Amino acid sequence: MRISGYRTLTTIQEWGRPVGDANGLYADGVVPVPIVVVETDIGITGVGIGPHAEIESIFAALEGEDPRAVTALYDRMLRRAFKAGHAGVVFGTIGALDTALWDIKAKAAGEPLWRLLGGNDRKVPAYASGLDMGLSDDELVAQYEVYAAHGLRAAKLKGGLDVERDRHRLTLVRDVLTRAGGGARPSLMLDANEVWSRKQAVRYVAELERTLDLTWIEEPVRRWDAEGLAAVGRGVRAAVATGENLTGLEQFRPLLAAGAVDIVQTAAVWGVSHFLRAAMLAHAHDLPVSPIGTTPVALLHAATAVPNHMASELQDLHPPVGLSVGVTVEDGAFILGDAPGAGITIDEESITASTGRAGTRSADSPAVRPARAGLRLLAEAHGPHHNSSLKDLHNKR
């Protein structure tokens with residue numbers, strides 16, 4: 001079996017409501033989802049969800065090779081990109097191709113990917129994460145009631161602009177999950193998306209912790225600030241979670257050496273091989289791992305095969321348009337299927353029909369770091385129609 005070609009597609013995730021964080025908002029709830037399909041000369045194809053940047057150059061490392069040699073081919077792709085660097089969307093392209101290769105390998109073996117990787121239990125613990133910065137109180141409660149109905153008892157909210165507003169929103173979600181769990185205390189997390197300075201992070205989280213028990217605070221300061229992340233960790237009770245935006249083990253190493261991270265995260269878009277390596281690096285430091293992503297299907301399979309997986313992020317309960325992912329959500333966990341491979345199938349007609357729909361501009365990401373991030377003296381007025389950075393994005397639409 002040889003790798004013979006690739007195709008790229010872009011579909012959309014239809015949330016049906018605004019989604020975003022302190023750095024911006026998709027006001028229409030329509031988010032582009034890039035896909036890579038790797039083809040072989042015997043007709044087996046693999047699917048990877050991730051960017052297409054520099055794909056022609058990166059694919060040259062794979063063409064004509066046996067796709068089952070995934071580990072060697074992953075390193076070959078990294079070598080291909082080493083001169084210009086493999087960070088950002090290039091690392092995402094490598095991750096998408098890598099995921100597609102793992103999909104092919106498992107399909108060729110006639111096994112689900114979780115079984116091929118050595119997993120024993122198809123049940124993967126989950127936590128709810130609604131990308132909820134743009135929701136009103138009533139909308140927030142309604143959204144997390146849906147998660148609670150699927151057995152979720154842990155939730156992560158977006159925040160970082162107004163401590164009292166975040167306290168209120170976290171309390172609303174805590175109460176929803178407590179009621180659903182028969183009075184049992186839920187797990188609460190807050191994701192600041194790098195919006196604070198070091199001291200702001202400590203003051204903000206410490207203030208929340210006067211009345212709330214936070215399991216972790218996510219990306220409180222810049223992703224590469226090992227000293228700052230460690231300072232935040234010393235200053236608050238909550239664990240510090242980070243890593244979703246780190247691209248390569250070399251970026252994790254200084255954080256681990258500084259004791260700057262308690263929950264090691266990896267983004268689904270970076271691929272299976274990266275997750276497996278980051279998980280083992282974390283395991284060597286007695287740290288848990290937690291995958292991040294809207295459609296983290298392949299990493300759910302990989303999570304079954306590592307000893308230190310804590311929980312995986314569950315964002316939308318519906319897959320992107322034109323994708324079937326072979327995963328259900330029951331009793332607070334993802335349940336993986338038995339189909340060979342990662343279980344992702346594509347309906348290209350549905351994807352083609354969705355292309356060009358209003359609000360699907362793939363280059364128009366709202367994830368723009370605010371000019372005053374880390375420099376604010378006062379809380380920002382809450383809500384998508386009052387927060388200036390979010391309001392600007394509404395006006396652009």
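For the structure itself, consult the block above.
Treat the numbers as computed from the prediction; the structure is a model and nothing was measured. (Residues numbered from 1 in each chain as written. Predicted model: local features only at pLDDT ≥ 70, side-chain atom pairs only at ≥ 80, totals over all residues. Heavy atoms only, no water.)

Student: Please set out the pairing of strand β10 (residues 239-242) residue by residue, giving values where relevant.
Tutor: Note on strand geometry: in a regular strand, side chains alternate between the two faces of the sheet. In β10, alternate side chains face the same way, and those of Ala239 and Ala241 on one face and Val240 and Thr242 on the other are all buried. In the sheet, strand β9 (residues 214-218) pairs with β10 via three bridges, with the strands oriented parallel. Bridged to Ile217 within β10 is Val240. This β-α-β element, β9 to helix α8 (residues 226-235) to β10, shows right-handed connectivity. Bridge count for β10 against strand β11 (residues 263-267) is two bridges, and the pairing is parallel. In the sheet register, Thr242 faces β11, and the bridge partner there is Val264. Taking the sense of rotation as the criterion, the β-α-β connection linking β10, helix α9 (residues 249-257) and β11 turns out right-handed. (Buried < 20%, exposed > 50% of the residue type's maximum accessible area, 1.4 Å probe, protein only. Helix = DSSP H or I, 4+ residues; strand = E, 2+ residues; numbered from the N terminus. Pairing = 2+ DSSP bridges. Right-handed = clockwise from strand over helix to strand, strands pointing away.)

Student: Describe the side chain of Thr242, naming the residues involved and giving the relevant values.
Tutor: Within the fold, Thr242 resides in strand β10. Judged by its relative accessible area of 2%, Thr242 is buried. If near-sequence neighbours (up to four positions away) are discounted, Thr242 is found in contact with Glu219, Leu229, Leu255, Val261, Ile263, Val264 and Gln265. (Contact = heavy atoms within 4.5 Å.)

Student: Any chance you could break down the packing of α9 against helix α10 (residues 272-284) for me, citing the residues and the numbers?
Tutor: Relative orientation of the contacting elements α9 and α10 amounts to 20°, with a least axis distance of 11 Å. Overall, the two elements α9 and α10 adopt an arrangement that is roughly parallel. The element α9 and its partner α10 pack so that their crossing is right-handed. Contacts from Leu249, Phe252 and Leu256 of α9 reach α10 at His274, Arg277, Ala278 and Leu281. (Axes fitted to C-alpha atoms, helices over the stretch in contact; angles between N-to-C directions. Parallel < 35°, antiparallel > 145°, perpendicular 65-115°, else oblique. Left-handed = near helix turned anticlockwise from the far one by under 90°.)

Student: Outline the nonpolar core, listing residues and values.
Tutor: If you look at the biggest cluster of nonpolar residues, it comprises 110 residues, and the most contacted ones within it are Leu97, Tyr144 and Trp196. Broken down by element, this core gets its largest block of residues, ten residues, from helix α3 (residues 88-109). Ignoring any residue separated from it by four or fewer positions in sequence, one finds Leu97 in contact with Val36, Val38, Ile55, Ile58, Phe59, Leu62 and Met77. (Core = buried A, V, L, I, M, F, W, Y, C linked by side-chain atoms within 4.5 Å.)

Student: Outline the sheet that holds strand β5 (residues 45-49), listing residues and values.
Tutor: Pairing within the open sheet is antiparallel, and its three strands lie in the order β1-β4-β5. Each having just a single partner strand, β1 (3-14) and β5 make up the two edges of the open sheet. Going across the sheet, the axis of each strand differs from the next one's by a mean of 20°, ignoring polarity. Bridge count for strand β4 (residues 30-40) against β5 is five bridges, and the pairing is antiparallel. By the bridge assignment, Val36 is partnered in β5 with Gly48.

Student: Kindly report on the packing of aromatic side chains, identifying the contributing residues and their values.
Tutor: Applying the stated rule across the entire model yields five aromatic pairs. Look at Tyr6 and Phe59: their rings are 4.8 Å apart centre to centre, the planes differ by 55°, and that puts the pair in the tilted class. A residue pair is termed long-range when its members are at least 10 positions apart, and Tyr6 in strand β1 and Phe59 in helix α1 (residues 55-59) qualify at 53 residues. The exposure class assigned to Tyr6 is partly exposed, which follows from its relative accessible area of 27%. Residue classification places Phe59 among the buried residues on the basis of a relative accessible area of 4%. Arranged with centres 4.5 Å apart and planes meeting at 40°, the rings of Trp196 and Tyr204 form a pair that is tilted. A relative accessible area of 4% places Trp196 in the buried class. Looking at Tyr204, the relative accessible area reads 11%, which means it is buried. (Phe/Tyr/Trp six-rings, centres within 6.5 Å; stacked < 30°, edge-to-face > 60°.)

Student: Tell me about the pattern of salt bridges, and name the residues and values.
Tutor: All told, the structure shown has 22 salt bridges when counted by the stated rule. The partner of Arg7 in a salt bridge is Glu39, with the nearest N and O atoms 2.9 Å apart. Here Glu39 lies in strand β4 and Arg7 lies in strand β1, a separation of 32 residues in the sequence. The exposure class of Glu39 is partly exposed, given its relative accessible area of 23%. One salt bridge connects Arg76 with Glu65, and the closest N-O pair in it is separated by 2.8 Å. You can see Arg76 sitting in helix α2 (residues 70-80) and its partner Glu65 sitting in the loop between α1 and α2, a full eleven residues away along the chain. Using a relative accessible area of 33% as the deciding quantity, one classes Arg76 as partly exposed. The class of Glu65 is partly exposed, set by a relative accessible area of 26%. Linked by salt bridges that have partners in common, Glu164, Arg167, Glu207 and Arg210 make up one network. (Salt bridge = Lys/Arg side-chain N within 4 Å of Asp/Glu carboxyl O.)

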